[in-house]
Each structure stands twice: as C-alpha cells, then as structure tokens.
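Analysis of the macromolecular model
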Amino acid sequence: MDILKQQIIGIKQTAGILIYAVAFIFPVISAGNPLFGISNINGVFISEFIITIAGLMAFGFVDDPMRTIQALTPKQWIVIAGAFLYASINVIAMFGSINMFESEGFVYIYINGFLLLTSTYLIFNKQKLDTLLFILAVSSTAVAMYGIYQTGFWYRHILETNAILNHNVSETAKNTFRALGTFIHPNVMAGFLLMIIPPVYMLLTKGKYKVLLYILALIITLGLFVTYSRAAIALYILSLPFLFMVLKKENGAKKVLVYISTVILSAVLILIFIISSYNSLNKHTLSFKYAPSKLTAVNDMSFIARKDFAIGAIDIIRHHPWTGTGPGTFNIAYRMYQKGAIYSRYAHNNYLEMASEIGIPGLMVYLVLIAGMILSFGSAWKRGSVLAGVLLISLVSFMMHTSIDFDYASPAVVWLVFIYAGISLILSDKGYANR
C-alpha cells in the first residue's frame with residue numbers, strides 16, 4: 001500500500017513538473033519563435049504533446065475518482081461541464097466543417113485546453129499556485145523582451161539584413177513598428193500580457209524576491225506599452241483602480257501604491273527613451289495612430305473595418321446557426337460573406353467568430369464556462385482570496401478585449417484561459433479544503 005502511495009506521489013510530482021514546463025514553454029513557442037527556428041505548427045505540437053502526457057498522468061494518479069467527483073461544488077461543475085461540452089461541441093462541429101483539415105488543428109488545441117484545466121486542478125494546490133504564476137511571469141517576460149527588441153530602430157536593420165523572421169511577421173514589424181513578440185499580431189501579444197499583468201503585480205506586492213519581481217513586472221508592462229494597442233492600454237489603465245482595491249486588502253494601500261506606481265513610472269520613462277530613438281518614419285506612424293482625430297473619429301478605418309467584419313460574421317451565423325462552419329474556418333467562410341474592401345482572417349470579435357464557427361449553442365456553452373469561472377473567482381474573493389480577485393480582473397479584461405480583437409485565435413491565449421479555469425476550481429469552496 002505504501003509503495004502504491006509513493007508511486008502515485010511520484011507520478012503527481014512528475015506531472016506537476018510537466019505542467020510547469022508547459023507554463024514556461026507555450027507563451028514562448030506556441031505562436032512560433034523564429035529566433036529558435038520554431039514555426040507555429042511545431043510550437044503548438046510540442047506544447048500539445050507535453051500537455052497530453054501531463055493530462056494522462058494526472059488522471060492516472062486519482063486513486064478514488066468517485067470521491068473526487070462527489071467533492072465537486074456546483075460552481076466547479078459549471079466550469080468542468082462547460083469546458084468538457086465546449087471541447088465536445090468543437091469535435092462535433094469539426095465533422096460538419098467546410099474545411100475539416102483546418103478545423104482538426106483547432107480541435108486539438110481545445111481538447112488540450114480541457115486537459116490543461118483538469119491537470120491544473122488535480123496536480124496543484126493553493127500553495128503551489130504562486131510558483132505556477134511565477135513561471136508564467138518569467139515566460140511572459142521573455143516574450144515581452146523580444147517584443148521590446150522588435151520596436152527599436154535597430155531591429156528594423158536586423159530584419160532587412162538577416163531576414164530572421166518569416167515574410168508576414170517581418171512585414172508587420174517593419175510597417176507598424178509595434179511589438180508582437182512570438183505572436184501573430186501586436187494586438188494578440190497585448191491581450192496576452194493584459195491577462196498576465198494582474199497576477200504579476202500581485203506577486204510583486206507579496207513576494208520575497210522584490211528586485212526580481214520588479215524587473216519582471218517592469219518588462220511585462222513595457223512590453224504591453226510597446227504593442228501600442230489602444231484597446232489593451234486603455235483596459236490596462238481601467239483595470240488599475242480595481243487591481244489596487246484588490247491588492248490593498250492584503251498588503252496595505254501605501255505599499256501597493258508605491259510598488260505599482262514605481263513600475264508604471266519606470267515603464268513610461270523607458271518608453272519615452274525608446275520613442276525618442278525612433279526615426280522620422282517611426283514617429284510619424286506612431287503619432288498618426290494616436291492622433292486625437294484617430295482616437296475619437298467614428299470614421300476611423302479600424303472602426304469601419306471591424307464593423308464590416310462583424311456584419312460578415314453575423315451573416316455567417318444566420319446561414320449556419322447550429323453547428324457553424326467549423327472550428328478555425330472563419331478565414332475561409334468570410335471570403336463568401338465579405339463586407340467592404342478589407343479582408344481579414346479574424347472577425348475581431350471572439351464571440352461572433354466563435355458563433356460563426358461552432359454555432360450559437362457552442363458560444364452559449366463557452367459563455368457558461370466563463371460564467372462558472374466568474375462565479376468561482378467571485379465567491380473565493382468574498383472569502384478573502386486575493387488571487388481570486390486578481391484573476392477575476394484578468395478574466396474580465398480578456399473578455400472585454402476579445403470583443404474587439406482576436407486574442408483567442410492564439411493557442412497561448414486559449415491555454416492561459418484554461419489554466420485560469422483550473423485555478424478557479426482550486427480556489428472554489430471544496431477545491432482545496434479536501435485535498
């Protein structure tokens with residue numbers, strides 16, 4: 001009996017190490033990393049392989065499944081059932097897809113998301129979550145540093161002389177002078193960092209290694225700034241008062257204010273230095289993007305294009321309301337429903353794009369999953385969990401940002417959402433009390 005128990009502990013520890021590895025790897029490579037010679041496809045495959053192994057090991061060490069199931073609270077059932085049904089609906093929609101090959105890749109991402117959720121819940125406890133979040137912070141810092149490097153005038157020279165990146169990414173970097181890190185677009189990187197910043201600030205205010213955590217928080221914040229994503233920066237600013245209210249509960253208002261304001265001030269000063277190093281073309285692009293007329297005009301091209309994408313997505317939904325056109329097929333279906341002169345691979349609205357791809361029932365199930373996470377974080381926050389309040393801010397920021405952008409198109413963002421879903425289970429009523 002003791003030998004069996006030791007074996008279970010060993011399997012659990014190994015699975016935990018694999019999840020730690022996944023937390024570090026997937027932001028760095030799942031969107032592709034040209035510096036390492038890793039493509040998007042290879043990066044996703046490597047991450048999925050590790051997640052699958054960890055997931056199978058996590059299910060394997062549960063010695064009493066019925067007891068584990070009976071201990072689940074209603075809020076936990078909402079999250080687990082929502083995630084399982086969401087993955088299942090994607091599988092069903094795949095068989096009716098207009099491009100089954102395209103859909104198959106996305107289905108594996110969502111299935112691995114469910115495995116990541118359950119693995120996080122089964123492997124970790126409340127005390128180990130800070131380590132998991134710290135590893136995510138380190139990985140996100142690496143992505144942010146890469147993005148900061150991309151925004152400098154020196155990076156343009158590297159692009160032009162050594163052709164490090166593929167054509168699409170290099171053209172995006174040269175034409176926009178915005179950070180995109182390992183992601184397909186600056187706005188996606190911004191959405192990812194927007195979800196990471198609240199827990200990183202929490203670690204800074206309560207962690208032991210202040211200098212290291214300050215550097216991580218500074219680089220990630222600066223990484224968000226140099227994406228120059230208007231929506232993400234606005235949501236970041238909007239989230240700060242709520243983040244302050246949550247963090248001061250455990251650390252005191254003065255301490256939180258000093259730490260966060262120091263990080264923001266330092267990031268702004270470095271940002272000013274970076275912008276001052278730009279040549280005239282960079283500065284013209286940046287000033288045009290943030291011109292008052294651009295920020296306030298309803299005839300802004302970005303606004304018009306998003307409106308056209310939304311109308312096209314709604315037309316797709318009208319013709320395919322139940323099972324959609326198949327996971328990951330908006331880029332194909334939109335060609336037949338395109339509005340206006342601009343084509344896009346994404347609807348720039350996660351909810352409309354999801355409904356168009358897996359049908360309205362699929363979107364409803366996804367919203368049930370999100371609602372379960374909100375309920376779990378909300379109840380844990382009421383019981384005094386600062387982490388729950390912090391991740392609730394991350395989740396709400398994600399929901400708002402994906403209503404106008406396409407963060408969810410990235411496997412890294414999908415998996416981060418499912419990790420947070422797993423954490424919501426841990427922080428729920430019986431999620432760690434009976435472990």
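Our structure's up above, just so we're on the same page.
Here we summarise the structure given alongside this text. (Residues numbered from 1 in each chain as written. Predicted model: local features only at pLDDT ≥ 70, side-chain atom pairs only at ≥ 80, totals over all residues. Heavy atoms only, no water.)

Brief notes about the side chain of Ser 239
Under the convention used in this document: Segments assigned H or I by DSSP are reported as helices when at least four residues long, segments assigned E as strands when at least two residues long, and all are numbered from the N terminus. In what follows, a contact means two residues having at least one pair of non-hydrogen atoms within 4.5 Å.
With respect to the secondary-structure elements, Ser 239 resides in helix H11 (residues 230-251). Those residues within four positions of Ser 239 in sequence are excluded, and the remaining contacts are Ile 393 and Ser 397.

Focus on the side chain of Gln 76
For clarity, the cut-off: Nitrogen and oxygen atoms within 3.5 Å of one another constitute a polar contact, given that in protein one can donate a hydrogen and the other can accept it, and given that sequence-neighbouring residues count only through two side-chain atoms.
Within the secondary structure layout, Gln 76 lies in helix H4 (residues 74-95). Within the structure, the side chain of Gln 76 is placed 2.8 Å from the backbone nitrogen of Thr 73, a separation counted as a polar contact.

Notes on the nonpolar core
Stated formally: Only buried residues count toward a nonpolar core. Its members are Ala, Val, Leu, Ile, Met, Phe, Trp, Tyr and Cys residues joined through side-chain atoms within 4.5 Å. Burial classes follow relative accessibility: with a 1.4 Å probe on protein chains only, a residue under 20% of its type's maximum area counts as buried, one over 50% as exposed, and anything between as partly exposed.
Counting residues in each nonpolar core, the largest one holds 123 residues, and the members touching the most others are Tyr 201, Tyr 420 and Ile 423. Examining the composition of this core, we find that 14 residues originate from one element, helix H9 (residues 186-206), more than from any other. Residues within four places of Ile 423 in sequence aside, it is in contact with Thr 120, Leu 129, Leu 132, Leu 133, Phe 377, Leu 387 and Leu 391. Counting nine residues, the second largest nonpolar core, distinct from the first, contains Ala 313, Phe 330, Tyr 334 and Ala 347.

Focus on helix H17 (residues 350-382)
Selection rule: Any helix carries an expected span of 1.5 Å times its number of residues minus one.
Under the 1.5 Å per step criterion, the end-to-end length of H17 is only 29 Å for 33 residues, more than 12% shorter than the ideal 48 Å. Trailing H17 by a residue or two, Gly 384 shows a phi angle of about 110°, which is positive.

Describing the packing of H4 against H17
How we decide: Helix axes are fitted only over the stretch in contact, all axes being lines through C-alpha atoms; the angle between N-to-C directions runs from 0 to 180 degrees. The scheme is simple: roughly parallel for angles under 35 degrees, roughly antiparallel for over 145, roughly perpendicular for 65 to 115, oblique for anything else. Each crossing gets its hand from how the near helix is turned against the far one by less than a right angle, where anticlockwise is left-handed and clockwise is right-handed.
The contact between H4 and H17 brings their axes to 8 Å, and the two run at 165°. In this view, H4 runs roughly antiparallel relative to H17, as classed from their interaxial angle. In the crossing of H4 with H17, the sense of the turn from one axis to the other is left-handed.

Quick notes on the packing of aromatic side chains
Filter applied, for reference: Any two of the Phe, Tyr and Trp rings considered here, Trp counted by its six-membered ring, make a pair once their centres fall within 6.5 Å; the pair's planes then place it as stacked at under 30 degrees, edge-to-face at over 60, or tilted in between. Two thresholds decide whether a charge sits over a ring: the Lys NZ or Arg CZ must be within 6 Å of the ring centre and within 35 degrees of the ring normal.
Evaluation of the coordinates by the stated rule reveals 15 aromatic pairs. Ring geometry for Tyr 20 versus Phe 124: centroids 5.2 Å apart, planes at 50°, classification tilted. Of the two residues, Tyr 20 sits in helix H1 (residues 2-29) while Phe 124 sits in the loop between helix H5 (100-123) and helix H6 (129-151), which places them 104 residues apart along the sequence. Using a relative accessible area of 1% as the deciding quantity, one classes Phe 124 as buried. Look at Tyr 334 and Tyr 343: their rings are 6.2 Å apart centre to centre, the planes differ by 35°, and that puts the pair in the tilted class. In this arrangement the basic side chain of Lys 249 is found over the ring face of Trp 381, its NZ or CZ atom lying 4.3 Å from the centre. Seen from the ring of Tyr 343, Arg 335 lies directly overhead, with NZ or CZ sitting 4.4 Å from the centre.

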